[in-house]
Structures are given as C-alpha cells and as structure tokens.
Amino acid sequence: MVRNVAEMLPELEEQDFYLLSGVEQGMRFSEWVQREKLPKFSSLTEEEVDYRLERCLKRGLVEKKTIQYEGYTLQFEGYDILALRALVERETISEFGSPLGVGKESDVYEVRSYKPLALKYHREGYTNFREVQKERDYTSDKEHVSWMYTARKAAEREYEILEELYPDVAVPQPIDQNRHAIVMEKMDGVELSRTKLEDDQVLGVLDLLVSEIARAYEHGYVHADMSEYNVFLDEGGVTIFDWPQAVPTDHENAEEFLRRDLRNAVGYFRRKYPQHVSDELDGDEIATEIIDGEFETIRQE
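Residues numbered from 1 in each chain as written. Predicted model: local features only at pLDDT ≥ 70, side-chain atom pairs only at ≥ 80, totals over all residues. Heavy atoms only, no water.

Rules: UniProt positions are given in the numbering used here, feature names are shortened, and annotations may be inferred rather than shown by experiment.
Looking at an unreviewed UniProt entry, one finds the protein chain named non-specific serine/threonine protein kinase and attributed to Natrialba magadii. Within the UniProt record for the protein chain, the comment given under Cofactor (unreviewed entry) is "Mg(2+)". Of the protein chain, the UniProt comment under Sequence similarities (unreviewed entry) reads exactly: "Belongs to the protein kinase superfamily. RIO-type Ser/Thr kinase family."

See below:
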C-alpha cells in the first residue's frame, strides 16, 4: 500500500535510494537486474550493495529471484517510494492523506501542499501487462518493455495531455509528475456513476459533458475511454479525468473513438434516465457534428 510506503520514507537512508535507483536503471535493459551489475548502476561498493539489498528486501521494495543468475527487480512499492521522494524533495507535496480511489490501472490518494491535491500512481502494465501493451501505442516501439516503463509512459502521456487541455477543457489541473506518478488538483464533487440527478438536471448535465468532449476535440484530443466512472460532477459543472489512453485528433482511429465515447455517454444517460433521454438522441450524430465543427448543444426531436 502506498500509505505504508509514505510511512517508510523517513526510515530510508540516502544509500537505500542509490540502490533503488540502480535497480531502476538496470531494469531499462532487463526485468531482472544481475547482482554483479548493481555496484555500477548504484555507485555503491559491493558490501554496501549487500547491506542495502537486505534493507530493501525486508521492506518489500525489491524482489530477488535466482534464475540463470541472481537477479533483482523493483516491486511497485520501490517505484512508488522513488517517485514520492522526488515529489517531496521538490516540495510539491508535504503531507500524505487517505485513498481517494483504488482501481485496476491507478491508485489515487489525497496529499497536501499549499492546498489539498491528488496523487495518482499509474499501475498500467503491472496486472494487465499484455493487454496494455496491445492497446497503448507508446509501448510499441521498444524491444524490452517492462511494467515500470509502461506505467511511467502512461503518467507522462496523461500529464502532457492535461497540460495541453487545462484550463480550456474541464480537466484536473496538472501540478507535477515524476516517473509513474502525477500530482493534480483534487476534484470536488461526486463521480457521475454515483449521482442521482433531478428531472430538470438530466439534459443539462449531459449537455455539459458533451460540450467538454467537443471542446477537447477542438483542442486536439479524444478521450477514447469515456464512461460514467471518469466524470466528476459538482455545482460548477463536470470534470473529465483519466486521460492516458487519449489519442490526438489526427490519429487514424480518432473519429471511431469519438463516436464510441459519445455512444457511451448518451447510452449511460439513456439507461439511467430513460424518461428524459429519447431514442432519437444519437451519439454518432453528435460525434459527426463535433467532427464537422457544427456542435452547439444536444437536441432531442
């Protein structure tokens, strides 16, 4: 758990981080780093490597495996603590809080600095590595692709997209990024899937959501994974989050992804509020209006 990693941070010494960084460097070339290479990667003596390995193994930060050689790899906790330390040293965050959401592809925690923020650790590639390799195009150009590389690239991709979209599109404000971790503003409100809208709110909220999807398209991106689980709703409107799988509008499948996003959005509202969302409201037609630059507001016949 990341909270345990945060509590562990004061226990670790500078040389422990040299060792962890050395394993990280070695994993650029192989999933399991040979013990003989760690002094070079970590800039530690043989004796110091042995001592630091024992400390990190005890804390579950690295894992040992004897195959054709004695090898070591980072556990996600080891990668977490490297990112966390970097963000603390930059004074991006000063306090660690409670979980905000734990899922298959990310863990999100409340942190604090000058105001409450959210720390998101990407987990892509750790439990569903083959699936992510197949679906995410940023893993296709490397011969050796580790879960660590996949998670870091997902974080970098999402952070870059947030920087390009914010504040013109209703996305979380990006604050900082290191390795597989992103710090962003903490979103207020409630996940769309958990809300129960009043009768006179349904079409208004759907229109807000579609308008943000259209605005993102105007700014060059399609979310490509739109659902009621990555939209927050508060008194100020909607906020769309989880952007690592987004594609630029010049991507060969961008229009297809946009149509799927709109079908998902309209379909969710129709299933939950059938008396307010008619069958005539068509996600594909809305997508066509967005692509043609003609979308103004949702219309029901």
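### Some words on unusual backbone geometry
Formally: In this text, helices come from DSSP runs of H or I with a minimum length of four residues, and strands from runs of E with a minimum of two, each type numbered from the N-terminal end. Accessibility here uses a 1.4 Å probe with only protein chains present; expressed as a share of the type maximum, an area under 20% marks a residue as buried, one over 50% as exposed, and anything in between as partly exposed.
Here the residue pair Y166 and P167 is connected by a cis peptide bond, since its omega of 0 degrees sits within 30 degrees of zero. Within the secondary structure, P167 sits in the loop between α7 (147–165) and β7 (174–178). For R179, which is not glycine, the phi dihedral falls at a positive 50 degrees. Tracing the backbone shows R179 in the loop between β7 and β8 (181–185). In this structure, A224 is a non-glycine residue whose phi angle is positive, near 75 degrees. Assessed through its relative accessible area of 7%, A224 is described here as buried.

### Points about the packing of aromatic side chains
Filter applied, for reference: For Phe, Tyr and Trp, rings pair up if their centres lie within 6.5 Å, where Trp contributes its six-membered ring, and each pair is then called stacked (planes under 30 degrees apart), edge-to-face (over 60) or tilted (otherwise). By definition here, charges over rings are those cases where NZ of Lys or CZ of Arg is within 6 Å of the ring centre and within 35 degrees of the ring normal.
In this structure the tally under the stated criterion is seven aromatic pairs. Aromatic side chains F29 and F41 sit 6.3 Å apart centroid to centroid with 15 degrees between the ring planes, which places their arrangement in the stacked category. Here F41 lies in helix α3 (residues 38–42) and F29 lies in the loop between α2 (14–26) and β1 (33–34), a separation of twelve residues in the sequence. Their ring planes at 40 degrees and their centres at 6.2 Å tell us that F269 and Y273 sit as a pair that is tilted. For the pair F269 and Y273, one class covers both residues: buried. Clustering of aromatic rings is evident, with ring pairs tying together F76, Y79 and W147. In this arrangement the basic side chain of R85 is found over the ring face of F17, its NZ or CZ atom lying 4.1 Å from the centre.

### Examining the nonpolar core
Keep this limit in mind: What is meant by a nonpolar core is a set of buried Ala, Val, Leu, Ile, Met, Phe, Trp, Tyr and Cys residues, joined one to another through side-chain atoms within 4.5 Å. Start and end positions for the domains come from either an automated domain assignment or a database one. What makes two residues a contact is simply this: any of their non-hydrogen atoms within 4.5 Å.
By size, the foremost hydrophobic cluster in this structure holds 49 residues, and its most contacted members are L209, W243, F269, I286 and I290. Counting residues per element, the ones that place at least two in this core are α7, β8, α8 (202–218), β10 (221–222), β11 (231–234), β12 (237–240), α9 (254–272) and α10 (283–291). Among the elements that make up this core, the one with the highest residue count is α8 (nine residues). Looking at which domains feed residues into this core, each of domain 1 (6–184) and domain 2 (190–292) gives three or more. When sequence neighbours within four positions are dropped, the list of residues in contact with I286 reads V210, L262, V266, L281, F295 and I298. Formed by 40 residues, the second largest nonpolar core is a distinct cluster that contains L12, L38, A83 and A181.

### Details of the sheet that holds strand β3 (residues 70–74)
We apply this condition: Two strands are said to pair when DSSP picks up at least two bridges between them. Only the stretch in contact is used when a helix axis is fitted, and all axes are lines through C-alpha atoms; the angle between N-to-C directions ranges over 0 to 180 degrees.
The antiparallel open sheet is built from three strands, whose spatial order is β1-β3-β2. In this open sheet, the two strands that pair with only one neighbour each are β1 and β2 (62–66). Taken together, the two bridges between β1 and β3 define a ladder with antiparallel strand orientation. Considered in β3, the bridge of V33 is made with Y72. Sheet strands in contact with helix α4 (residues 46–58) are β2 and β3, and its direction is about 110 degrees off that of β2.

### A word on α10
The criterion, for reference: Throughout, the arc means that of the directions going from the helix axis to the C-beta atoms. Polar contacts, as used here, are pairs of N or O atoms within 3.5 Å; protein pairs need one atom able to donate a hydrogen and one able to accept it. Residues neighboring in sequence count only if both atoms are side-chain atoms.
Within α10, the full set of buried residues consists of G283, I286, A287, E289 and I290. One side of α10 carries all its buried residues, which in axial view fall inside an arc of 160 degrees. Residue D282 occupies the N-cap position of α10, its side-chain oxygen lying 2.9 Å from the main-chain nitrogen of D284. At the C-terminal side of α10, G293 shows a positive phi close to 70 degrees.

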